[in-house]
Amino acid sequence: MTNPAHLAEFQECFGASKRIVALVGAGLLASSGLPTFRGTQGLWKNFNMIDLATPDAFYIDPGLVWQFYLWRRHQALQAQPNAGHLALAELSRSTSKEFVTITQNVDGLLGRAGHEREKLHEIHGSLFDLRCTSFTCTYVDHGNEDDPLTPALDVPEEYEKSQSSSLPKESESLSVMDLGQNVVAPSPQFTAIQELSVSELPLCPACQSLMRPGVVWFGELLPLRVLDEIDDFLESGPVDLILVIGTSGTVYPANAYVDLVRSRGGAVAIFNTDIEPAVMRGELERTWGFQGDAAEWLPVALAEPKK
Ligand code: OAD
């Protein structure tokens, strides 16, 4: 919950800010019905990330890893961008502010919400890119939304039904004072359905090697081109404000951007269901906390203040 004076103070800063960065994590997906990673309802609750999101995991059992990513692609394609995605997309089209979004999410919902592509930096890649695993082949399939990707990777109907019963219901509209009260429903959990051989998985049309999801796994380097584009923005002038949206801030380098902006005098606004009490009490200089569902808070906070 945040009091109206706090919101007004943030909006004054937002209105005056010329250069803004949004750092986005899985919390923005919650009200679109997609799971976060950590916490009691997170994806890493039932599964160890080492078994699903590392190069070793893919080497040991590509069928298991592909089922995990197929399941996530399927869910992402069924999900709709929420009001938080739309508010960021609108900001990306602003002509009076320089704005970029750095997202750790791989679901494509910001793009589907109409976020300007060149201002959207997907540092963990995309569920809808496929890359050839051969060292000698550079084939990449961008923006492939086929579902299923191969006949063997189809999600059986019974499995889908059992999953959709646990999806969150659409939330009711709330007043500013109520926003912090919104609780997002439990997320569905992944279960591997079958053992698959390599020949049943996506193969490279150029060289017939196994394709892999175009996401960044633990232990891998982030895409240098994307990091360079972000650096160009950060180094080409001071950032007045960073919006830190639905991220636990546990993964480098995403978490370092907040410290960088703050250390150079930029303001910080946090949108999260779980915010440090000191931030909520307003004890950190030029730092505001909007506690609750980011999808509900963002359109309110980024709206033109009422005169
Ligand atoms: P996490 O699951 O670590 O954190 C999600 C954050 O969102 C938490 O701080 C929650 O309190 C908050 N949250 C949950 N529901 C929310 C809501 N409705 N509104 C606002 N906030 C909400 O997800 P990330 O920080 O995105 O990397 O995780 C970072 C990276 O770690 C991911 O990209 C992924 C993961 O392992 C890879 O897979 C490489």
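Please read these numbers as outputs of a predicted model, since none were measured by experiment.

As for the packing of aromatic side chains
Turning to step 1, where the next piece is worked out: Counted according to the given criterion, the structure contains 10 aromatic pairs.
Turning to step 2, where the next piece is worked out: Ring plane angle 25 degrees and centroid distance 6.3 Å describe the contact between F68 and W71, whose orientation is recorded as stacked. Of this pair, F68 and W71 both sit in helix α4 (residues 62-78), three residues apart, roughly one helical turn.
Turning to step 3, where the next piece is worked out: By relative accessible area, F68 is classed as buried at 1%.
Turning to step 4, where the next piece is worked out: Seen from their ring centres, F271 and F290 are 4.9 Å apart, and the 15 degrees between their planes marks the pair as stacked. Here the residue F271 occupies a position in strand β8 (residues 267-272), and F290 occupies one in strand β9 (residues 287-291), the gap between them amounting to 19 residues. F290 carries the same exposure label as F271, and that label is buried.
Turning to step 5, where the next piece is worked out: Joined through ring pairs, the aromatic side chains of F10, F14, F271, W288, F290 and W297 make up one cluster.
Turning to step 6, where the next piece is worked out: The lysine or arginine in question, K97, covers the ring of F14, its NZ or CZ lying 5.0 Å from the ring centre.
Turning to step 7, where the next piece is worked out: For R212, the ring lying beneath its charged end belongs to W217, and the centroid distance is 3.8 Å.

Describing the site of the ligand
Turning to step 1, where the next piece is worked out: Taken together, 24 residues surround the ligand, and among them F37, R38, T247, S248 and N272 come closest.
Turning to step 2, where the next piece is worked out: Between the ligand and T247 there is a distance of 2.7 Å, counted from an oxygen atom to a side-chain nitrogen or oxygen.
Turning to step 3, where the next piece is worked out: For the ligand, whose accessible area on its own is 790 Å², the fraction buried by protein is 91%.
Turning to step 4, where the next piece is worked out: Of the residues assigned to the shell around the ligand, the class counts are 10 nonpolar, 11 polar and three charged.

What counts as what
Residues numbered from 1 in each chain as written. Predicted model: local features only at pLDDT ≥ 70, side-chain atom pairs only at ≥ 80, totals over all residues. Heavy atoms only, no water. Phe/Tyr/Trp six-rings, centres within 6.5 Å; stacked < 30°, edge-to-face > 60°. Helix = DSSP H or I, 4+ residues; strand = E, 2+ residues; numbered from the N terminus. Buried < 20%, exposed > 50% of the residue type's maximum accessible area, 1.4 Å probe, protein only. Lys NZ or Arg CZ within 6 Å of the ring centre and 35° of its normal. Near = heavy atom within 4 Å. Polar contact = N/O pair within 3.5 Å; in protein donor to acceptor, adjacent residues only side chain to side chain. Areas by Shrake-Rupley, 256 points an atom, 1.4 Å probe, with all protein chains shown as cover. Nonpolar A, V, L, I, M, F, W, Y, C, P; charged D, E, K, R; others polar.

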